[in-house]
Amino acid sequence: MIDHFNAYGIPVRDLDKCVAFYRDKVGLKLELKQDDIAYFVFSKQERPGVALVTMENAVNLMSEAMVRPKEETIHRTYFAVFVDDVDKEYEELRSRGVNFVKPPTTFPWGQRIAYFEDPEGNLWEVSTFLKK
């Protein structure tokens, strides 16, 4: 029975560029870096982490038909993380050069959300529920 996540895997074309982005701009802790994979952990939890895998490695692990490395994909999923203060996180990440595709917005259900993308267009949501 599957009972927890170990890592969120993201196939990438330029591993070094993405490593620099997640380490230097987003502030994740780089735990492992090899030629074809990098593994990051969050400051408040070690697992699950974020695994960046080169397209070539992803093809070797699965198959070219599954990974489709030559295709540009349409994003249908994104990673969502909670933070204490979305506006503070937004300003901090923007000051480091992170490209936000949607600034902080408060939704009717009381959640404040902003969205950014990594160098390869993978989307992330940072959010918090506002205190009443």
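Computed from a predicted structure; not experimentally measured.

Draft legend 1. Representation of a nonpolar patch on the surface. Together, Leu61, Met62 and Met66 make up a nonpolar patch on the protein surface, roughly 350 Å² of accessible area in all. If you trace the backbone, methionine 66 turns up in helix H3 (residues 64-67). Judged by its relative accessible area of 57%, methionine 66 falls in the exposed class.

Draft legend 2. Representation of helix H4 (residues 86-95) within the structure. All of the buried residues in H4 are Val86, Tyr90 and Leu93. Considered in projection along H4, the buried side chains sweep an arc of 75° and stay on one side of the axis. Facing away from the buried side of H4 by over 90 degrees, the exposed positions are Lys88 and Ser95. Where H4 is buried, its residues meet helix H1 (15-25), strand E6 (99-106), strand E7 (111-117) and strand E8 (123-129).

Draft legend 3. Structural detail: the sheet that holds E8. Reading across the sheet, the 4 strands line up as E5-E8-E7-E6 and stay open at both edges, with mixed pairing between neighbours. Among the strands making up the open sheet, the edge pair consists of strand E5 (79-82) and E6. Sheet twist, expressed as the average angle between the axes of neighbouring strands with direction ignored, equals 20°. The sheet contact formed by E5 and E8 spans 4 bridges and is parallel. Among the inter-strand pairings, phenylalanine 79 is bridged to a residue of E8, identified as tryptophan 124. Against the sheet, H4 touches E6, E7 and E8, its axis set at about 165° to E6.

Draft legend 4. Representation of the sheet that holds strand E2 (residues 29-33). The 4 strands lie next to each other as E1-E4-E3-E2, forming an open sheet whose pairing is mixed. The sheet is open, and its two borders are formed by strand E1 (7-12) and E2, each paired with just one other strand. If you compare each strand with its neighbour and ignore which way they point, the axes differ by 20° on average. Along the sheet, H1 makes contact with E1, E2, strand E3 (37-41) and strand E4 (49-54), crossing E3 at roughly 10°.

Draft legend 5. Highlighting H1. Within H1, the full set of buried residues consists of Leu15, Cys18, Val19, Phe21 and Tyr22. Seen from one end, H1 has its buried residues packed into an arc of 160°, which puts them on one side. Where H1 starts, the residue carrying a side-chain oxygen 3.4 Å from the main-chain nitrogen of aspartate 16 turns out to be aspartate 14. Directly beyond the C-terminal end of H1, a positive phi value near 90° is found at glycine 27.

Draft legend 6. The packing of aromatic side chains, seen in detail. As enumerated under the stated definition, the model contains 12 aromatic pairs in all. With centroids separated by 5.7 Å and ring planes inclined at 90°, the aromatic side chains of tyrosine 78 and tyrosine 115 adopt a geometry described as edge-to-face. A residue pair is termed long-range when its members are at least 10 positions apart, and tyrosine 78 in the loop between H3 and E5 and tyrosine 115 in strand E7 qualify at 37 residues. You can call tyrosine 78 partly exposed: its relative accessible area is 44%. Under the relative-accessibility criterion, tyrosine 115 is labelled buried at 18%. Residues phenylalanine 116 and tryptophan 124 carry aromatic rings whose centres are separated by 6.2 Å and whose planes lie at 5° to one another, so their mutual orientation is stacked. Overall, the relative accessible area of 2% leaves phenylalanine 116 in the buried class. The class for tryptophan 124 is buried, based on a relative accessible area of 4%. Each member of the aromatic cluster is reached from another via a ring pair, and the members are Tyr8, Phe21, Tyr22, Phe40, Phe79, Tyr90, Phe100, Phe116 and Trp124.

Here is what the cut-offs are and how they apply
Residues numbered from 1 in each chain as written. Predicted model: local features only at pLDDT ≥ 70, side-chain atom pairs only at ≥ 80, totals over all residues. Heavy atoms only, no water. Patch = residues over 30% accessible without salt bridge, like charges linked within 9 Å, V, L, I, M, F, W, Y side chains within 5 Å. Areas by Shrake-Rupley, 256 points an atom, 1.4 Å probe, with all protein chains shown as cover. Salt bridge = Lys/Arg side-chain N within 4 Å of Asp/Glu carboxyl O. Helix = DSSP H or I, 4+ residues; strand = E, 2+ residues; numbered from the N terminus. Buried < 20%, exposed > 50% of the residue type's maximum accessible area, 1.4 Å probe, protein only. Arc of directions from axis to C-beta. Contact = heavy atoms within 4.5 Å. Pairing = 2+ DSSP bridges. Axes fitted to C-alpha atoms, helices over the stretch in contact; angles between N-to-C directions. Polar contact = N/O pair within 3.5 Å; in protein donor to acceptor, adjacent residues only side chain to side chain. Phe/Tyr/Trp six-rings, centres within 6.5 Å; stacked < 30°, edge-to-face > 60°.

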